Structure formats: C-alpha cells, structure tokens
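Report on the structure
These are the residues of each chain, in order.
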Amino acid sequence: MTCRLTFITNSQTQFKLPTMKKSLCIISILMLTISCGNKSSKRSVEDKNPQGDAIAVNDMEKSPCELLTESEIKKSLSIPNEAVTEFKDVVRTYPSCFYKWEAFTFSKSRKLGGQEVSVDYPTEVGIVVVKNATEKMFQTSTKVYKDGQAQQGIGEMAVWGTRMSQLTFLAKGKMIHLNVSMSNVVNENKAQALSLAALIINKL
C-alpha cells in the first residue's frame, strides 16, 4: 500500500499557524506516515484449510524464510554467497517462502511438438508452512503424490514426491511442503530436500 500526502498552497496566500497548532500538525503527519509504512509489511490473512476450518495467519507467525535462510540454502546447494537470489516471502493459503537462482540452471528433456528438447530451469527452493497440522491433514495433502515414497527419520512422518520434486513432512504440529529443484538427477533433489528438512525441524 502506498500512502501519499499532497500539500496544495497558493503562492499569494500565507498561512500563519500558532506554535501549538504547528506542533500538532507535524505530529499528525508523522503518525500518518508511520501508519502507512507499517501497513505494507503486514502478513495477516484469513483462509480455510483442507478441512474447511477457518485459519488465521497473524503478524506474530514466524515466516518460513526464518526457518531456512538464504545463506543456509546456498551452503547446502553449493551456491556462492555472492550469487543473486530472487526471493519472495508471501502469504497465500499458507505462509510461503520462495528462493530462485536464475544463474544456476539445470537441463531437463521435454516433449514439445512431438520432439524431445532440452529445457533449462533455474534452481529453486520453496517452503510452505501449515500450522496446527494433524495426521489427517498430512494424509490428505500427500494424496497428490502419485509416486510418493515414505521417508524415515524426518519428523513424525514424511513423503517424497519425485514428479513434484517435493518433500512433505509433519513435525512439532506443523506440516511443511519443501520443494527443491536443482538437478535433473532425482536423487540429488531428494538428498538436498532431506538435508534442508533436518535444518528446518531444528528451528520449529
């Protein structure tokens, strides 16, 4: 939200306010400016979870970006610290965090027009956090994994989906969807997701 204050003056007219009125005017402007600035940083949203129950994400909720920082991901994926990162910290249905590195790509074969072509994709990591998650919510969410593989040692339960290149796990009352796309080798994406998941669980 952008707030704009416009002052219209007439060059032929001079305004002389008493000192007290001037002070009140300045204080009012400062308060309005602070209020406008704060509104742009709010992360509040109300939505519904898969069960149809109302959920609320307020300003005190920890951002997924705090669970897995840019530097931690770069270190794990062997991306140089100076590499430019595209970064989004948003609230959609649930709090989400997305990292992208356009300079670090990997190639995958795709069929376009009946022909096999090699397409370059940027390295990406996405984190979605669902608060107050239950085992039932976990089972519902992981049904989308047609190729889901149960993973041991990650939270209370975890499933890796190769096609989506995503790990979903339940830990400490939260369900985390962790997408890692950095290689055309499936096991490399999976290994990185499992490594990053361990870091996230330590911060929950």
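A brief structural summary. (Residues numbered from 1 in each chain as written. Predicted model: local features only at pLDDT ≥ 70, side-chain atom pairs only at ≥ 80, totals over all residues. Heavy atoms only, no water.)

1. Structural notes on the pattern of salt bridges
Rule in force here: Think of a salt bridge as a Lys or Arg side-chain nitrogen and an Asp or Glu carboxyl oxygen that are within 4 Å of each other. A run of H or I in DSSP counts as a helix once it spans at least four residues, and a run of E counts as a strand once it spans at least two, with each numbered from the N terminus. Exposure classes here rest on a 1.4 Å probe applied to the protein chains alone. A residue is buried below 20% of its type maximum, exposed above 50%, and partly exposed in between.
As enumerated under the stated definition, the model contains four salt bridges in all. Measuring nitrogen to oxygen at the nearest pair gives 2.9 Å for the salt bridge that ties E70 to K74. Pair noted here: E70 and K74 are both in helix α3 (residues 70-77), with a separation of four residues, about one helical turn. Residue classification places E70 among the partly exposed residues on the basis of a relative accessible area of 32%. Among the ionic pairs, K100 bridges to E124, the shortest N-O distance being 4.0 Å. With K100 in strand β4 (residues 95-112) and E124 in strand β5 (residues 115-131), the pair connects residues that are 24 residues apart, well separated along the chain. Through salt bridges with shared partners, a single ionic network connects K100, E102 and E124.

2. Describing the side chain of N179
Of note, N179 is situated in strand β9 (residues 174-181). With relative accessibility at 19%, the residue N179 sits in the buried group.

3. What about the state of the cysteines?
Note the following rule: We call a pair of cysteine sulfur atoms a disulfide when they lie within 2.5 Å.
One pass over the full model with this rule turns up one disulfide. Across the disulfide from C65 sits C97; the S-S distance is 2.0 Å. One disulfide, between C65 and C97, carries an S-S torsion of 110 degrees and so falls in the right-handed class. Of this pair, C65 sits in helix α2 (residues 64-67) while C97 sits in strand β4, and the two are 32 residues apart along the sequence. Taking relative accessible area as the criterion, C97 reaches 0% and is therefore assigned buried.

4. A word on the environment of V180
Rules: It only takes one pair of heavy atoms within 4.5 Å for two residues to be counted as in contact.
Inspection of the secondary structure assignment puts V180 in strand β9. Spatially, the C-alpha atom of V180 lies 9.2 Å from that of L196, the residues being 16 residues apart in sequence. In contact with V180, other than residues within four places in its own chain, are E124, S165, N189, Q192, A193 and L196.

5. Quick look at the packing of aromatic side chains
How we decide: Two aromatic rings from Phe, Tyr or Trp, using only the six-membered ring of Trp, form a pair when their centres are within 6.5 Å; if the ring planes differ by under 30 degrees the pair is stacked, by over 60 it is edge-to-face, and anything between is tilted.
In this structure the tally under the stated criterion is three aromatic pairs. Relative to Y99, the ring of F87 lies with its centre 5.5 Å away and its plane at 45 degrees, an arrangement referred to as tilted. Of this pair, F87 sits in strand β3 (residues 86-91) while Y99 sits in strand β4, and the two are twelve residues apart along the sequence. F87 sits in the partly exposed class, given a relative accessible area of 47%.

6. Focus on the layout of surface pockets
Keep this limit in mind: The distinction between a cavity and a pocket rests on a 1 Å grid over the protein atoms alone: a 1.4 Å probe fits inside a cavity but cannot get out, while a pocket stays open yet meets protein on both sides within 12 Å along at least five of seven lines, and a residue with an atom within 4 Å of a point counts as lining. Grid points are joined across faces, edges and corners, and a volume is the space filled by probe spheres set on the points. When residues are grouped by polarity, Ala, Val, Leu, Ile, Met, Phe, Trp, Tyr, Cys and Pro land in nonpolar, Asp, Glu, Lys and Arg in charged, and all others, Gly among them, in polar.
Put simply, the largest pocket is a space of about 240 Å³. Lining the largest pocket are 16 residues, with K108, T162, S165, S183 and N189 positioned closest to its centre. Mapped by element, the contributors of at least two residues to the lining of the largest pocket are β4, β5 and α5 (186-203). For the lining of the largest pocket, the element with the most residues is β5, which contributes three residues. Across the lining of the largest pocket, the residue classes break down as seven nonpolar, six polar and three charged.

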